Amino acid sequence: MRADDVNGVDIELRDLRLALVTSQHRSLRQAAEALNIRQSTLSRRLHEIERQLGVVLFERTNGGTRLTTVGLEFVASAKRILDDVDTELQRLRSRSRGELGLLAIGVHASPSAGNMHTTLVEYHRRFPDVDVRTVDGSHERLLCALAGNAVDVAIMTGQATAWDGRVLPLWSERVIVAFPEHHALGQNPRIRWADLANEKFLVPQQGPGPELEGLLTAKLRHAVGSQHIVHQDASLDRLLSLVSANYGTLLMFEGATGGRYEGVVYREVWDDDGPTQVKFMACWRDANSNPALGSFLAMLREHYPDFSAEPPAT
């Protein structure tokens, strides 16, 4: 690796280190011992550096060596170059280990609470120098983002069909319904799907909205018609504001319940055998070479082992 190669000057990084270490000792013998090379080898290389540069870097006397005025400038420049190189190499090593860089995560549902929020907190604690960018969207949007390398990994519910890349099953989340504070059903400790047959639902057009609408119609079949659904192109906090104003109820996943909204109560929705739950999974492209993705997936696998992975070669 060359520090310079201009007009016949051929100085290597090794030469800069030799000059720097020599400047830190009183004699060539001490410098050679510190570098673990022969004194004659060090002396020859320093003379060659001076010959190529056309300057004298060291004054050599019986009492030892000391830098000339030009030598002081040269060593100061050498130290800056070596520090920059060391910093860059450390940055590249950190990036290759997934400890530095950018990770784009497609998020299907709000991560204000629950497992997704916990995952993001733990990842930042382990890898504070990796910047995380989140992208919200429906299944279709996130799958397109994955295919187009706009996101590195997508965390979505287990209904993502038409994805032929890698998949890691993760956690399950309960389905929650948000009621206005004084709604009659909001006083019940648990809600069954049949209880919701006459409700008006606010359904977001983005994120998990389409899936929750599909779940709603599947659970209630013909009991829910278009008159029961008001589609909204709004964020979660605006939807909860409408709920508190008694414009309707809202289905959501439990991971979105981290933010408490005045005038809104949350209740879990039950099937006959317990709370309705939806499974989440991580999707990514096997060809994605972002090291930050590797560190993120390794962390996920600690909590959710990948039993579909191929066994190690023997």
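Preceding this section is the structure that the text describes.
Student: Just to check I follow, could you spell out the nonpolar core for this structure?
Tutor: Nonpolar side chains in soluble globular proteins generally cluster together in the buried interior. Formed by 42 residues in total, the largest nonpolar core has its most connected members in Ile-155, Val-175, Trp-193, Leu-196, Leu-251 and Phe-296. Non-local contacts of Trp-193, meaning those with residues more than four positions away in its chain, are made with Val-175, Leu-215, Leu-216, Lys-219, Leu-220, Leu-251, Val-269, Trp-270, Asp-271 and Thr-276. Membership of the second largest hydrophobic core comes to 19 residues, among which are Ile-11, Phe-58, Val-75 and Leu-82.

Student: Which parts of the structure should I look at to understand empty space enclosed by the protein?
Tutor: One simple way to see leftover space: roll a probe sized like a water molecule over the atoms. Here the structure, examined in full by the defined rule, presents two cavities of 30 Å³ or more. One number sums up the size of the largest cavity: a volume of about 60 Å³. Lining the largest cavity are Phe-201, Leu-202, Val-203, Pro-204, Gly-209, Leu-212, Glu-213, Leu-216 and Leu-251. Counting only elements with at least two residues in the lining of the largest cavity, the list comes to strand E10 (201–204) and helix H7 (209–220). For the second largest cavity, the full set of lining residues is Val-107, His-108, Ala-109, Ser-110, Met-116, Ile-155, Trp-171, Glu-173 and Phe-280. Among the residues forming the lining of the second largest cavity, the class breakdown is six nonpolar, two polar and one charged.

Student: What am I meant to see in the pattern of salt bridges here?
Tutor: Between side chains of opposite charge, pairing is possible as soon as their charged atoms come close. As enumerated under the stated definition, the model contains 14 salt bridges in all. Put simply, Glu-50 and Arg-60 hold a salt bridge, and the shortest N to O gap is 3.2 Å. You can see Glu-50 sitting in helix H3 (residues 39–53) and its partner Arg-60 sitting in strand E3 (residues 58–61), a full ten residues away along the chain. With a relative accessible area of 7%, Glu-50 lands in the buried category. Judged by relative accessible area, which is 31%, Arg-60 ranks as partly exposed. Between Glu-122 and Arg-126 there is a salt bridge, and its shortest N-O distance comes to 2.6 Å. In this pair, Glu-122 and Arg-126 are both assigned in helix H5 (residues 114–126), four residues apart and thus about one turn of the helix distant. Assessed through its relative accessible area of 13%, Glu-122 is described here as buried. A network of salt bridges, in which partner residues are shared, links Arg-166, Asp-286, Arg-301 and Asp-306.

Student: Explain helix H8 (residues 236–244) to me, please; I cannot follow it from the model alone.
Tutor: Within an α-helix, residues lying three or four positions from one another point in the same direction, as the helix has 3.6 residues per turn. Within H8, the full set of buried residues consists of Leu-239, Leu-240 and Val-243. Looking down the long axis of H8, one finds its buried residues gathered within 100° of arc, a one-sided arrangement. Taken together, the buried residues of H8 touch strand E8 (166–180), E10, strand E11 (229–232), strand E12 (250–253) and strand E13 (264–271). Where H8 terminates, the next one or two residues include Asn-246, which has phi positive at roughly 75°.

Student: Teacher, can you tell me more about H5 here?
Tutor: End to end, H5 covers 19 Å across 13 residues, agreeing with the expected 18 Å (1.5 Å per residue, within 8%). Of the residues making up H5, those classed as buried are Met-116, Thr-119, Glu-122 and Tyr-123. Angular distribution of buried residues about the axis of H5 spans 130°; they occupy a single face of the element. H5 presents His-124 and Arg-125 as exposed residues on the side facing more than 90 degrees away from its buried surface.

Conventions we followed
- Residues numbered from 1 in each chain as written.
- Predicted model: local features only at pLDDT ≥ 70, side-chain atom pairs only at ≥ 80, totals over all residues.
- Heavy atoms only, no water.
- Core = buried A, V, L, I, M, F, W, Y, C linked by side-chain atoms within 4.5 Å.
- Buried < 20%, exposed > 50% of the residue type's maximum accessible area, 1.4 Å probe, protein only.
- Contact = heavy atoms within 4.5 Å.
- 1 Å grid on protein atoms, 1.4 Å probe; cavity = no way out; pocket = protein on both sides within 12 Å on 5 of 7 lines; lining within 4 Å.
- Points joined across faces, edges and corners; volume = space filled by probe spheres on them.
- Helix = DSSP H or I, 4+ residues; strand = E, 2+ residues; numbered from the N terminus.
- Nonpolar A, V, L, I, M, F, W, Y, C, P; charged D, E, K, R; others polar.
- Salt bridge = Lys/Arg side-chain N within 4 Å of Asp/Glu carboxyl O.
- Arc of directions from axis to C-beta.
- Expected span 1.5 Å × (residues − 1).

All we've got here are geometric facts, nothing functional implied.
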